[in-house]
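The primary structure of each chain is shown beneath.
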Amino acid sequence: MPSFLYLDHYFFLTNFLVGLVFFGAVYGWGLAFVDLFRFYFPTPLKQIIAAILGFLVLSLIIQLLAFGFWITPLSLNVLYGMLAAGLAYSVSRFSFYFKTAKITFSTPKLILAGVGFICLLPIFLYALLPSTKIDELFYHQLVAQRIVTDGGLVFYRQPWEAAIPPHLIYNFSQVPLVSLGFTDAPNVASFCFLGLFLWSIYQWMRQAGTPVFWISVGLSLSCLGMYRLVFTSAGSHHFGDLAAFTAFYLSLNFTRLSKTLSVKSLLSGIGLLLPAILGAKMSLAPYAALIGLAAIFELYQQKQFSVQNLLLLLWPTLIFYLPIVVWTYAQTHSPFGLILSQYFDTTLIDKHLLTSTLQAEVVNTPTFLEHTQTALLHFPYLVLGAFVMFGWSNYPWRDKIKMYLISILFLLILYKFDLLYSPRFWGNLPLCFFIATLLSLPKWAIKPTNFYLKAGLIFAAVLPYLGMTYLYLYNLRPFPFTTKQRTHFYRRFLPLYDDFRALDNVLPKNACLYTQERINLVHAPRRVFRDSLDICNCPSVYALEFRNKPLSFPLSIQHSNYRAGKIIYQNPTSVISTYRTPNKKPKTEHLTVYELRP
């Protein structure tokens, strides 16, 4: 796999620069389209829409090329030329569009700015490090790497998370980076979305007249909690969170914004956010639907509902989301791949696979105490309390009730599908309510000016989560800034690193690997599969068997039944899982690798 090939090429500075340049190039695409079609959006909405639109366009181009297996050196070189043009446009327009409000410096403001910087620094360092989170190694990065390896898009049954193509829209955009060999640069692009989010809420809070103290608290708490530590990765979390928050903001302020913006611009903005939300995570699909329904409701209320306005709202979804749904249905007879396939007439996704997948993903319903502990780890308690504090904000009650209703319905749907157990499925709702509250603070929250009261609030609300963040960062030392430190980092945090190195020396160059374990797939030295029916174009196949999950034979591979053959490698203490959590030891298993013979 590409990640294995480029392990020795990682260097934190080039990784950062490539990720930053890539984000700037794709942003330039979006900005060019916004200017070309004369969409009018005020700052910072214009920058958000431009970034999201750029990645939607890139993802669509990658999809169309991948559908026809046209991911070739020629097509990629043309794409790099287009990205270079996007970067040039982005740089040329940067100084014009990114006009930050004038800042006057004083000691309190410098102190508060310092607090914000200290909170953001660990997230920045996390983005620079090689990918080690299991979701990244198991399927986030695997999607683009398979496209590059196969030269196009193939439907694979496993990993099941990657067998839902409609929620992989953001992942498709990573193909240019993978092809260049910068498989960890998507982490930096993800961080850029977080940076754009922080810059945007700063702009909105300045425009709303939010006191500097609350601006600092808002920016600091937006960087803290396990949610940020875990999901600053190659996944679509920051991309989806930015789109979800912006949709929340536009829906909440629809009536007010419709007086300064044309309804057409407002609908186009919401419409462009919908495919981004849908394509970021399947669990956000109900949220996108509710936001769309809320926009239609507002049109009815303002007596502006028409087919033309409805098309303005829906055209981005038809262009950027429908193609991958149609392709998935053509491949599987299920529009969303594995998920919900039990409701469609599909033979490609067999019932045994679906049953075993659902059984493997059964979630024991947590108790209320477990729910609370998980929520408090993921989000600062001041952010979680914003769901209540939002009721005291100065928004009209009509708008507050609308957002409460959207959120409650969304959470009920998550509960119905057993997805409420993890804060990662909540669509960043706690932070949405928190920032929205800061944008319309009640008078009693603005009045306090006592320095000790402010210091006490920062000490109680910020420092506990800041300490947790730096504790996790401290555990990652030494950072891989030199060749020796890089190798040490790989051995500590990349599962199966030494095993894959050893296997690379004994496996044939055209071999394929097969395993049923949830392991690091992207750093495998050869193409790797988790479902025997997915294996194709493999002259020889080797199985990775772990003692806790022995394989059952015969295996149906390439229309033949295969059985175990000669053992080529064994390791009784193979590291199959690593953890960034301090004092949590890696998980080891007995690994046996043997050739499969028909």
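Read on for an overview of the structure. Model, not experiment: these values are computed from the prediction. (Residues numbered from 1 in each chain as written. Predicted model: local features only at pLDDT ≥ 70, side-chain atom pairs only at ≥ 80, totals over all residues. Heavy atoms only, no water.)

What follows concerns the sheet that holds strand β1 (residues 511–514). Across a sheet, strands are paired by hydrogen bonds formed along the backbone, either parallel or antiparallel in direction. Read from one edge to the other, the open sheet built from six strands follows the order β2-β1-β3-β6-β5-β4, with strand pairing classed as mixed. Whereas interior strands pair on both sides, the edge strands pair on one side only; in this sheet they are β2 (527–529) and β4 (555–557). Averaged over all adjacent pairs, the angle separating strand axes in this sheet is 35 degrees, with direction ignored. Two elements, β1 and strand β3 (residues 540–546), share four bridges in a ladder whose sense is parallel. The residue bridging Tyr 514 from the neighbouring strand is Ala 543, located in β3. (Pairing = 2+ DSSP bridges. Helix = DSSP H or I, 4+ residues; strand = E, 2+ residues; numbered from the N terminus. Axes fitted to C-alpha atoms, helices over the stretch in contact; angles between N-to-C directions.)

Another aspect to go through is the nonpolar core. If you look at the biggest cluster of nonpolar residues, it comprises 189 residues, and the most contacted ones within it are Phe 239, Phe 248, Tyr 287 and Phe 434. The biggest single contributor to this core is helix α3 (residues 45–67), with 15 residues. Within the second largest apolar cluster, 14 residues are counted, among which are Cys 538, Ala 543, Leu 551 and Leu 596. (Core = buried A, V, L, I, M, F, W, Y, C linked by side-chain atoms within 4.5 Å. Buried < 20%, exposed > 50% of the residue type's maximum accessible area, 1.4 Å probe, protein only.)

To continue, consider the pattern of salt bridges. Summed over the entire model, instances satisfying the criterion amount to 13 salt bridges. One salt bridge in this structure joins Arg 398 and Glu 298, with 2.8 Å as the shortest N-O distance. On the criterion of sequence distance, the pair formed by Arg 398 in helix α22 (residues 397–416) and Glu 298 in helix α15 (residues 285–301) is long-range, its members being 100 residues apart. Among the residues examined, Arg 398 registers a relative accessible area of 37% and is labelled partly exposed. (Salt bridge = Lys/Arg side-chain N within 4 Å of Asp/Glu carboxyl O.)

Bridging between β4 and strand β5 (residues 560–577) involves three bridges; their strand directions are antiparallel. Following the sheet pairing, Ser 556 is matched in β5 by Asn 561. In this antiparallel pair of consecutive strands, β4 and β5, the connection spans two residues, and Gln 558 shows a positive phi of 50 degrees. Of the pairings in the sheet, the one linking β5 to strand β6 (residues 587–597) comprises nine bridges and is antiparallel in character. Residue pairing in the sheet places Asn 571 in a bridge with Leu 591 of β6.

Treat this as a map of the structure, not an account of what it does.
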